[in-house]
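Observations on the three-dimensional arrangement
Chain by chain, the residues run as shown.
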Amino acid sequence: MKILCLLVTCLQSENKCCSKGEMRMKQYIDGINKFLEYKTIMDKHNIDICLTDNTCDILPEYISDLLPDDVMVKVNTNNMGKKNKGIGLIGQWKTCEELMMNYDYIIHFEPRQLLINFDFINLFLINPCNLFTINCNNPTFNTGLFTLHSNILMDYISNNTMTEFVSIENDLFNWCVDNNIEYNIIDKMNIVWYNNNTKYYW
């Protein structure tokens, strides 16, 4: 079984809801460094890693200098996330679509978040499956960290008609329900999620 971990970044966001500047830079540096602390586990399971960003044509050095040589990079400046972060995310997945076709499962992780531990991914490695957490306020997926079979993710991408007034969390959840996609739920991602400079533990 082949597994790809997508590190999804939005380094130079123009979305008015997103943090900016040095604070955002530090969150990404901390998040990527923490993620890479677990790279030996991923290497043991032959997990490939690709960092994808939709706000730059060349990764800034403060990010590229962090990455081991075997981490793939796919970047573009589609700016699709300017009005809706979910539409921007789908654009990033489309950028990686040919790559994803070579894998059975995709681990999606947004490294502006900070891993508290590796429990979520370890659980997936014990039992590979579509794995999510549910938002504590609404019956929707948390999309900062999840796993999904590549065929299912590509089917979602190719059939997506999401508008700027819908969140990716709602849209992906409803699509999985409507299409009878089987998935497992666990309580926590075990991450720190930032809303600007405020920390939330999920």
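Computed from a predicted model, the values in this text were never measured in an experiment. Position numbers for residues count from 1 along each chain, tracking the sequence in the order it is written. Only residues with pLDDT of at least 70 get local features here, since the model is predicted, and only at 80 or more are side-chain atom pairs given and counted; chain-wide, interface and lining totals rely on the full set of residues. Hydrogens and water molecules were not included; the side-chain quantities draw on all heavy atoms of the structure.

Only runs of H or I of at least four residues qualify as helices and only runs of E of at least two qualify as strands under DSSP, and these elements are numbered from the N terminus. In terms of helices and strands, the protein chain carries eight helices and ten strands. Radius of gyration (C-alpha) of the protein chain: 16 Å, near the 17 Å computed for a compact globule of 202 residues. Oriented by its inertia axes, the alpha-carbon framework of the protein chain measures out at about 40 × 40 × 35 Å. Restricting to contacts in the protein chain with at least 6 residues of sequence separation, those with at least 24 account for 70%. Note that the radius of gyration is over C-alpha atoms, with the globule rule given as 2.2 Å times the number of residues to the power 0.38. Two residues form a contact once any of their heavy atoms are found within 4.5 Å.

Moving on, we come to the packing of helix H7 (residues 150-158) against helix H8 (residues 168-178). Angle between the axes and distance between the axes are the two parameters that describe a pair of packed helices. Between H7 and H8, the shortest axis-to-axis distance is 11 Å and the interhelical angle comes to 115 degrees. The orientation of H7 relative to H8 falls into the category roughly perpendicular. Considering the relative orientation of H7 and H8, their crossing is right-handed. Together, Ile 152, Asp 155 and Tyr 156 of H7 and Ile 168, Asp 171, Leu 172 and Trp 175 of H8 make up the contact between the two elements. For this classification, Asp, Glu, Lys and Arg are treated as charged, while Ala, Val, Leu, Ile, Met, Phe, Trp, Tyr, Cys and Pro are nonpolar and the rest, including Gly, are polar. Grouping the constituent residues of the contact of H7 with H8 by class yields five nonpolar, no polar and two charged. Fitted lines through C-alpha atoms give the axes, limited to the stretch in contact for helices. The angle between two N-to-C directions lies from 0 to 180 degrees. Here the angle decides the label: under 35 degrees means roughly parallel, over 145 means roughly antiparallel, 65 to 115 means roughly perpendicular, and every other value means oblique. Crossing chirality is assigned from the near helix's rotation relative to the far helix, an anticlockwise turn below a right angle marking it left-handed and a clockwise turn marking it right-handed.

In this scheme, a residue with accessible area under 20% of its type's maximum is buried, one over 50% is exposed, and one in between is partly exposed, where area comes from a 1.4 Å probe on protein chains only. Within the span of H8, buried status applies to Ile 168, Asp 171, Leu 172, Phe 173, Trp 175 and Cys 176. Elements that come into contact with the buried residues of H8 comprise helix H4 (85-95), strand E6 (131-132), strand E7 (145-149) and H7.

The next subject is the pairing of strand E2 (residues 47-53). Counted residue by residue, E2 has six buried out of seven residues, so it is predominantly covered. In this scheme, strands are said to pair when DSSP sees at least two bridges between them. Judged from the seven bridges that link them, strand E1 (residues 3-9) and E2 form a sheet pairing that is parallel. Following the sheet pairing, Thr 9 is matched in E2 by Asp 53. In this sheet, strand E3 (residues 72-75) lies alongside E2 in parallel orientation, the contact comprising four bridges. Its bridge partner being in E3, Cys 50 is matched across the sheet by Met 72.

With that settled, the discussion passes to the packing of aromatic side chains. Classification of ring pairs uses Phe, Tyr and Trp, with its six-membered ring standing for Trp, and accepts pairs whose centres are within 6.5 Å; under 30 degrees between planes counts as stacked, over 60 as edge-to-face, and the remaining range as tilted. Scanning the model with the defined rule gives eleven aromatic pairs in all. Judged by centre distance (6.3 Å) and plane angle (90 degrees), the rings of Trp 93 and Phe 146 are edge-to-face. Here Trp 93 is found in helix H4, whereas its partner Phe 146 is found in strand E7, with 53 residues between them in sequence. For the pair Trp 93 and Phe 146, a shared accessibility class is recorded, and that class is buried. Taking the centre distance of 5.1 Å and the plane angle of 15 degrees together, the rings of Phe 132 and Phe 146 count as stacked. Of this pair, Phe 132 sits in strand E6 while Phe 146 is found in strand E7, placing the two residues 14 residues apart along the sequence. Judged on exposure class, the residue Phe 132 and its partner Phe 146 are both buried. A network of ring pairs unites the aromatic residues Trp 93, Phe 132, Phe 141, Phe 146, Tyr 156, Phe 173, Trp 175 and Tyr 183 as a single cluster. Sitting over the ring of Tyr 103, Lys 2 keeps its end group 5.0 Å from the ring centre. Only when the NZ of Lys or the CZ of Arg is both within 6 Å of the ring centre and within 35 degrees of the ring normal is a charge said to sit over the ring.

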